[in-house]
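Per-entry structural report
So you can see what is in the structure, the chains are spelled out below.
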Amino acid sequence: MREYDEADIIVSVSPSYWADVPGQFKAFIDRCTPWCNTHEPHAAIKPGKKGYSIALRTGPNMPECERIISTIEHFYGHLDIESVAQMGLTSIEYKEDVEPRKKEIIDFCSRI
Ligand SMILES: Cc1cc2nc3c(=O)[nH]c(=O)nc-3n(C[C@H](O)[C@H](O)[C@H](O)COP(=O)(O)O)c2cc1C
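So, a few notes on the structure that sits alongside this text.

Attention now goes to the site of the ligand. The immediate surroundings of the ligand are formed by P15, S16, Y17, W18, A19, L56, R57, T58, G59, E64 and I92. Within the contact set of the ligand, an oxygen atom lies 2.9 Å away from a backbone nitrogen or oxygen of A19. Here an oxygen atom of the ligand and a side-chain polar atom of R57 are 2.8 Å apart. Residues that form the shell around the ligand fall into these classes: 6 nonpolar, 3 polar and 2 charged.

Right, here's the structure in full:
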């Protein structure tokens, strides 16, 4: 949370594990409950942070990525991190599968 507090921009990247964020990421989100704005009393990170969400999966359909992005953006919302952009990448299993998407990824990163 110290790193979150010091950051201006938060970028979360998640693969799909059983159509959801991996358990480790979910455990991290759960452990952030003391900073959640509906938990009383709660701590707070500094305001004005911008959040980016990226999901990738092996399967071909985008709705599964959208579900993961929505989990990340739900988390951002409760930490008062503004969601500004998101990217879903489908049909990614191996490192080589990212190669043809390089331009799209670089374009996205250049807007951060
Ligand atoms: C436990 C596990 C579950 C997975 N479940 C899905 C899934 O439901 N849908 C999908 O499209 N890909 C699924 N995948 C594939 C991963 O999203 C994909 O291989 C990703 O690149 C893995 O990232 P990692 O190497 O950082 O773990 C799964 C992979 C693992 C290891």
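Okay, helix α3 (residues 62-78) next. Over its 17 residues, α3 runs 25 Å from end to end, which matches the ideal 24 Å to within 8%, given 1.5 Å per residue. Among all positions in α3, only C65, I68, I69, I72, F75 and Y76 are buried. Mapping the buried residues of α3 onto a view down its axis gives an arc of 115°, with all of them on the same face. Of the residues in α3, the exposed ones pointing more than 90 degrees away from the buried face are P63 and H74. Trailing α3 by a residue or two, D80 shows a phi angle of about 60°, which is positive.

Moving on: a nonpolar patch on the surface. Judged by side-chain polarity, I9, V11, V13 and I112 come together as a nonpolar surface patch covering roughly 310 Å² of accessible area. Relative to the helices and strands, I112 resides in the segment after α4 (102-110). Relative accessible area serves as the criterion here: at 37%, I112 is assigned to the partly exposed category.

Phi is mostly negative for residues that are not glycine, and the peptide bonds are mostly trans. Cis geometry is adopted by the peptide bond preceding P41, which originates at E40 and carries an omega value of -5°. Its identity as a non-glycine residue notwithstanding, S91 has a phi of 60°, on the positive side. Within the secondary structure, S91 sits in the loop between β3 (82-89) and α4. You can call S91 partly exposed: its relative accessible area is 41%.

Charged atoms that come close allow side chains of opposite charge to pair. Tallying each qualifying case throughout the model produces 8 salt bridges. Between E64 and R57 there is a salt bridge, with the nearest N and O atoms lying 3.1 Å from each other. By relative accessible area, E64 is classed as partly exposed at 21%. Between K102 and E99 there is a salt bridge whose closest N-O contact spans 3.6 Å. On the basis of relative accessibility, which here comes to 44%, the residue K102 falls in the partly exposed class. Given a relative accessible area of 49%, E99 falls into the partly exposed group.

Rules of the game
- Residues numbered from 1 in each chain as written.
- Predicted model: local features only at pLDDT ≥ 70, side-chain atom pairs only at ≥ 80, totals over all residues.
- Heavy atoms only, no water.
- Near = heavy atom within 4 Å.
- Polar contact = N/O pair within 3.5 Å; in protein donor to acceptor, adjacent residues only side chain to side chain.
- Nonpolar A, V, L, I, M, F, W, Y, C, P; charged D, E, K, R; others polar.
- Helix = DSSP H or I, 4+ residues; strand = E, 2+ residues; numbered from the N terminus.
- Expected span 1.5 Å × (residues − 1).
- Buried < 20%, exposed > 50% of the residue type's maximum accessible area, 1.4 Å probe, protein only.
- Arc of directions from axis to C-beta.
- Patch = residues over 30% accessible without salt bridge, like charges linked within 9 Å, V, L, I, M, F, W, Y side chains within 5 Å.
- Areas by Shrake-Rupley, 256 points an atom, 1.4 Å probe, with all protein chains shown as cover.
- Salt bridge = Lys/Arg side-chain N within 4 Å of Asp/Glu carboxyl O.

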